[in-house]
Amino acid sequence: MSAEPGIRPQGAGLDEETRRVLALDSLEAAPRLLGAVFSATAPEGTVSVRLTEVEAYRGEEDPGSHAFRGRTARNASMFAEAGTVYVYFTYGMHHCVNVVTGPEGVSRAVLLRGGEVVEGLDLARSRRSAARTDRDLARGPARLCQALGLTREDDGAALGARGSRVSLALAEPGSAPAPDAIRTGARTGVAGPGGDGQAFPWRFWIDGEPTVSPYKAAAPRRAGRGRCARGGS
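Keep in mind the model is a prediction, meaning the values are calculated, not measured.

## A look at the overall build of the protein chain
Scanning the protein chain from N- to C-terminus turns up 4 helices and 8 strands. When the helices and strands of the protein chain are placed in sequence order, the string is α-α-β-β-β-β-β-α-α-β-β-β. By residue count, 49% of the 233 residues in the protein chain fall in the buried class. Taking the contacts inside the protein chain whose residues are at least 6 apart along the sequence as the reference set, 65% of them involve residues at least 24 apart. Carbon together with sulfur atoms contributes 50% to the accessible area of the protein chain, which is approximately 11300 Å² in total.

## As for unusual backbone geometry
In this structure, Ser107 takes a positive phi of about 55 degrees despite not being glycine. Looking at Ser107, the relative accessible area reads 1%, which means it is buried.

## Here's the deal with the pattern of salt bridges
Applying the stated criterion across every chain, the model contains 20 salt bridges. Here Arg108 and Asp25 are joined by a salt bridge, their closest N and O atoms 3.0 Å apart. Linking Arg108 in strand β5 (residues 108–119) with Asp25 in the loop between α1 (16–22) and α2 (26–32), this pair joins segments that are 83 residues apart in sequence. Neither residue differs from the other here; Arg108 and Asp25 are each classed as buried. With a closest N to O distance of 3.3 Å, Arg135 and Asp136 form a salt bridge. Arg135 gets classed as partly exposed once you look at its relative accessible area, which sits at 38%.

## Brief notes about the nonpolar core
Counting 41 residues, the largest nonpolar core has Phe38, Val97, Leu112 and Leu159 as its most contacted members. The element contributing the most residues to this core is strand β2 (residues 45–57), with 5 residues. In terms of nonpolar packing, the next biggest core, distinct from the first, is built from 11 residues, Ala67, Tyr88, Val100 and Leu111 among them.

## Digging into the packing of aromatic side chains
Under the defined criterion, the tally for this structure stands at 2 aromatic pairs. Plain terms: the ring middles of Tyr86 and Tyr88 are 5.6 Å apart, the flat faces sit at 35 degrees to each other, and that makes the pair tilted. Ring geometry for Phe200 against Trp202: centres 5.0 Å apart, planes inclined by 90 degrees, an arrangement best described as edge-to-face. The exposure class assigned to Phe200 is buried, which follows from its relative accessible area of 13%. Geometry around Trp205 places Arg203 over its ring, the cationic atom sitting 4.3 Å from the centre.

## Concerning the pairing of strand β3 (residues 85–90)
Within β3, 5 of the 6 residues are buried, which leaves it mostly tucked inside the rest of the structure. Between the end of β3 and the start of strand β4 (residues 94–101), which pair antiparallel, lie 3 residues, with Tyr91 showing a positive phi angle near 55 degrees.

## Description of the side chain of Thr41
Inspection of the secondary structure assignment puts Thr41 in strand β1 (residues 37–42). Thr41 sits in the buried class, given a relative accessible area of 5%. A distance of 2.8 Å separates the side chain of Thr41 from the side chain of Thr46, its partner in a polar contact.

## Some remarks on the pairing of strand β8 (residues 203–206)
Alternating residues of β8 divide into Arg203 and Trp205 and Phe204 and Ile206, and every residue in both groups is buried. Note that β2 and β8 share 3 bridges and pair antiparallel. Across the sheet, Val54 pairs through a bridge with Phe204, a residue of β8. Note: strand β7 (residues 182–185) against β8, 4 bridges, orientation antiparallel. Each residue of the ladder has a partner; that of Arg183, found in β8, is Trp205.

## Description of helix α4 (residues 141–148)
Residues spaced three or four apart along an α-helix point in a common direction, a consequence of the helix completing one turn every 3.6 residues. If you check which residues of α4 are buried, you get Pro141, Leu144, Cys145, Ala147 and Leu148. Seen end-on, α4 carries its buried residues on one side only, within an arc spanning 160 degrees. Buried residues belonging to α4 abut β1, β2, β3, β4, β5 and α3 (121–127). Following α4 by one or two positions, Gly149 has its phi on the positive side, about 75 degrees.

The rules behind these values
- Residues numbered from 1 in each chain as written.
- Predicted model: local features only at pLDDT ≥ 70, side-chain atom pairs only at ≥ 80, totals over all residues.
- Heavy atoms only, no water.
- Helix = DSSP H or I, 4+ residues; strand = E, 2+ residues; numbered from the N terminus.
- Buried < 20%, exposed > 50% of the residue type's maximum accessible area, 1.4 Å probe, protein only.
- Contact = heavy atoms within 4.5 Å.
- Areas by Shrake-Rupley, 256 points an atom, 1.4 Å probe, with all protein chains shown as cover.
- Salt bridge = Lys/Arg side-chain N within 4 Å of Asp/Glu carboxyl O.
- Core = buried A, V, L, I, M, F, W, Y, C linked by side-chain atoms within 4.5 Å.
- Phe/Tyr/Trp six-rings, centres within 6.5 Å; stacked < 30°, edge-to-face > 60°.
- Lys NZ or Arg CZ within 6 Å of the ring centre and 35° of its normal.
- Pairing = 2+ DSSP bridges.
- Polar contact = N/O pair within 3.5 Å; in protein donor to acceptor, adjacent residues only side chain to side chain.
- Arc of directions from axis to C-beta.

Keep in mind these numbers describe shape, not what the thing actually does.
Given below as structure tokens:
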């Protein structure tokens, strides 16, 4: 049965090279995901984003990670097998999406921070009506997630699995960013030690890409508010 126009068949699976990259630790996988295309299909159509900015998180070894203090109901997907999607809700208004990497049980993940919409522009525009330009449709993790139409209902989905609406395709060798075009730095909005760019320069982006979001340090801790929440994933 053929797909409807603009609707991508689901469950196409991941190729061997994509599986190999996702099996790596998040620090190794993150820069390799730059230039990859993440797609989400819904009844209205498919939106695909070419990734230009990501961040690596390393679970219980990483004070910036949601999994730093172990497994919870919220972060359980981070402990799943490589290729699982971890979607979380933050600030009472935004969703952000991560791709789990590495061995099952060790909570490694790559936060998808920014990208260029390369398919489904009209649908992405309808979801991101506040965007002034197409550059801003997926420029930042919450915007990217909104453009893709992802919510907590997608948490735990497996990339490319039968019936899954999310998929990932690595950049072809000829279109992957050159190593000297990849920059690293402090993770955006991560409070406490995990936000130290010297110790944790785990944000990766393609130099010169207009869809990379501007760096912002974590907001200063306000007196009487208690410990700042960790950012990222």
